[in-house]
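# Working through the structure, step by step
Residues per chain are reported as follows:
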Amino acid sequence: MSIFDSAAFENHEGVHAVFDEMTGLRSIIAIHSTARGPAAGGCRMWPYETDDAALTDALKLSRAMSYKNAMADIPLGGGKAVIIGDSRTDKTPALFEAFGRAVEGLGGQYWTAEDVGVSVADMVHARRQTRYVAGLEGHPAASGDPSPVTAEGVFRGVRLCVERAYGRDLKGVTVAIQGVGHVGANLAEKLAAAGAHLIITDVNEAALAQVAARTGATIVPPAAIFDVEAEVFAPCALGGAVNADSLARLTGRVVAGGANNQLATPQIGRLLFDKGMLYAPDYVINGGGIINVAAEIAAIEAGTAFDPDWVEARLDRLMITLGEVLDRSLAEKRPTHEVADEMAKARIAGAQAARKAA
Ligand code: NAD
């Protein structure tokens, strides 16, 4: 595959293939845009079957980070790294040190962090070779687990969508949550405290029992979550939760949750819109976590401590942006995900133009 012709390339500023003979590291670091600031996005370790698959994943994830960071209005661009390998068998400290050297070689154009298959402990090794690592613990700028902040943003987003779709607050509204992990469990507690009824599912029965005990939620098996009577469906597990099959079964008017890549295809977003349902674009509503990380990066750069007020102000602004997406979708009769993509591209292009003019 030619990189420049690949559908996922989409004007990336840089794509770096990294190989380290001593450790066997094979990594791709994709930098979609630094127009709004240094590119930031986690590092994923995955046993990709082909190099092309790794490249495509890195490119898609990196562009998605540009869009997410632009909509969260944080001074960061979008990037992502993938390490080709099995996280259960192929990890060594030296491998992550080699990855850290590669990040350092980019001179601060890219900030890395944990993602699927990569832990805080792995990133401690990378940090020995580069300062451009976020998400570590035990220093004044550290931001800690981003999940509660992600959940807070999703909670406020659900509240906003219910106001728009049903003209009411959350009291007595039923929310079906798919996945009660880090984000879903926090979201469930906030919704329960606001008086919502919860129906929850997960493949992890222990997690389900714990959340049900804390919130009074009703538990259903994973396959049944699309069929329950609920005003809101909140995907908080894996991607692709909204597909042709689930869309036909959902009963409510709102889809709003924390998972990434909720729409199986962009066409599903159009079908959802045509059904009169309201979809909170995933990378907008779940931007709380990256806002938290951005506060850490800003504090490291400035040599100051983590500032929770900065995070709160950005969360407020995120909800204003989500409201703008919903308003424009209604006014322009276009699906919310198309409106959000357009707004994200415009924000990035605006920053590019400002950079050129400077
Ligand atoms: P997690 O792994 O803690 O939770 C995911 C939960 O989904 C787990 O409990 C898992 O058992 C469950 N699950 C998996 N497959 C399922 C299925 N088929 N049916 C029902 N449940 C299933 O992950 P998380 O950190 O809570 O993230 C959840 C989603 O939110 C992911 O898509 C993630 O990419 C996205 N996200 C997370 C953050 C964050 O701050 N953690 C930020 C932005 C986006």
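Owing to the predicted nature of the structure, the values given are computational and were not obtained by experimental measurement.

### A look at the side chain of serine 246
The topology assignment puts serine 246 in helix 7 (residues 244-249). Of the polar contacts made by the side chain of serine 246, one reaches the backbone oxygen of alanine 241; its length is 2.7 Å. Those residues in contact with serine 246, other than ones at most four positions away along the chain, are Phe226 and Ala241.

### Focus: the sheet that holds strand 12 (residues 278-279)
On the basis of which strands lie adjacent, the open sheet formed by six strands has the order 9-8-7-10-11-12 and parallel pairing. Only two strands of the sheet have a single partner each, and these edge strands are strand 9 (218-219) and strand 12.

### Remarks on the layout of surface pockets
By volume, the second largest pocket is sized at about 310 Å³. What lines the second largest pocket is a set of 17 residues, among which Met277, Leu278, Leu326, Ser329 and Leu330 lie closest to the centre. Where the lining of the second largest pocket is concerned, the elements lending two or more residues are helix 4 (147-166), helix 8 (266-274), strand 12, helix 11 (308-332) and helix 12 (336-357). Grouping the amino acids of the lining of the second largest pocket by side-chain chemistry returns nine nonpolar, five polar and three charged.

### Focus: the site of the ligand
Thr150, His182, Val183, Asp202 and Ala237 are the nearest of the 19 residues found near the ligand. Take valine 183: an N or O atom from its main chain is 2.8 Å from an oxygen atom of the ligand. At a separation of 2.9 Å, an oxygen atom of the ligand approaches a polar side-chain atom of asparagine 260. Its free accessible area being 830 Å², the ligand has 71% of it covered by the protein chains. Counted by class, the shell around the ligand contains seven nonpolar, ten polar and two charged residues.

### Digging into the state of the cysteines
Throughout the structure, instances matching the rule amount to zero disulfides. Cysteine 161 forms no disulfide, and the closest cysteine sulfur to it belongs to cysteine 236, at a distance of 13 Å. We classify cysteine 161 as buried; its relative accessible area is 0%.

### Section: the pattern of salt bridges
Any two side chains of opposite charge can pair, so long as their charged atoms come close to each other. In this structure the tally under the stated criterion is 25 salt bridges. Between arginine 156 and glutamate 312 there is a salt bridge, with its nearest N and O atoms 3.1 Å apart. With arginine 156 in helix 4 and glutamate 312 in helix 11, the pair connects residues that are 156 residues apart, well separated along the chain. For glutamate 312, a relative accessible area of 34% gives the class partly exposed. A salt bridge links arginine 156 to aspartate 316; its shortest N-O distance comes to 3.3 Å. Of this pair, arginine 156 sits in helix 4 while aspartate 316 sits in helix 11, and the two are 160 residues apart along the sequence. Overall, arginine 156 belongs to the buried group, its relative accessible area being 13%. In this structure aspartate 316 comes out as partly exposed when scored by relative accessible area, which is 41%. Look at the salt bridges and you will find they share partners, linking Glu152, Arg156, Lys190, Glu312 and Asp316 into a network.

### What about the packing of aromatic side chains?
Applying the stated rule across the entire model yields four aromatic pairs. Between phenylalanine 4 and phenylalanine 9 the ring centres are 5.3 Å apart and the planes differ by 80°, which places this aromatic pair in the edge-to-face class. With relative accessibility at 66%, the residue phenylalanine 4 sits in the exposed group. With a relative accessible area of 11%, phenylalanine 9 lands in the buried category.

What counts and how
Residues numbered from 1 in each chain as written. Predicted model: local features only at pLDDT ≥ 70, side-chain atom pairs only at ≥ 80, totals over all residues. Heavy atoms only, no water. Helix = DSSP H or I, 4+ residues; strand = E, 2+ residues; numbered from the N terminus. Polar contact = N/O pair within 3.5 Å; in protein donor to acceptor, adjacent residues only side chain to side chain. Contact = heavy atoms within 4.5 Å. Pairing = 2+ DSSP bridges. 1 Å grid on protein atoms, 1.4 Å probe; cavity = no way out; pocket = protein on both sides within 12 Å on 5 of 7 lines; lining within 4 Å. Points joined across faces, edges and corners; volume = space filled by probe spheres on them. Nonpolar A, V, L, I, M, F, W, Y, C, P; charged D, E, K, R; others polar. Near = heavy atom within 4 Å. Areas by Shrake-Rupley, 256 points an atom, 1.4 Å probe, with all protein chains shown as cover. Disulfide = S-S within 2.5 Å. Buried < 20%, exposed > 50% of the residue type's maximum accessible area, 1.4 Å probe, protein only. Salt bridge = Lys/Arg side-chain N within 4 Å of Asp/Glu carboxyl O. Phe/Tyr/Trp six-rings, centres within 6.5 Å; stacked < 30°, edge-to-face > 60°.

The values reported here are purely geometric and, on their own, carry no functional implication.
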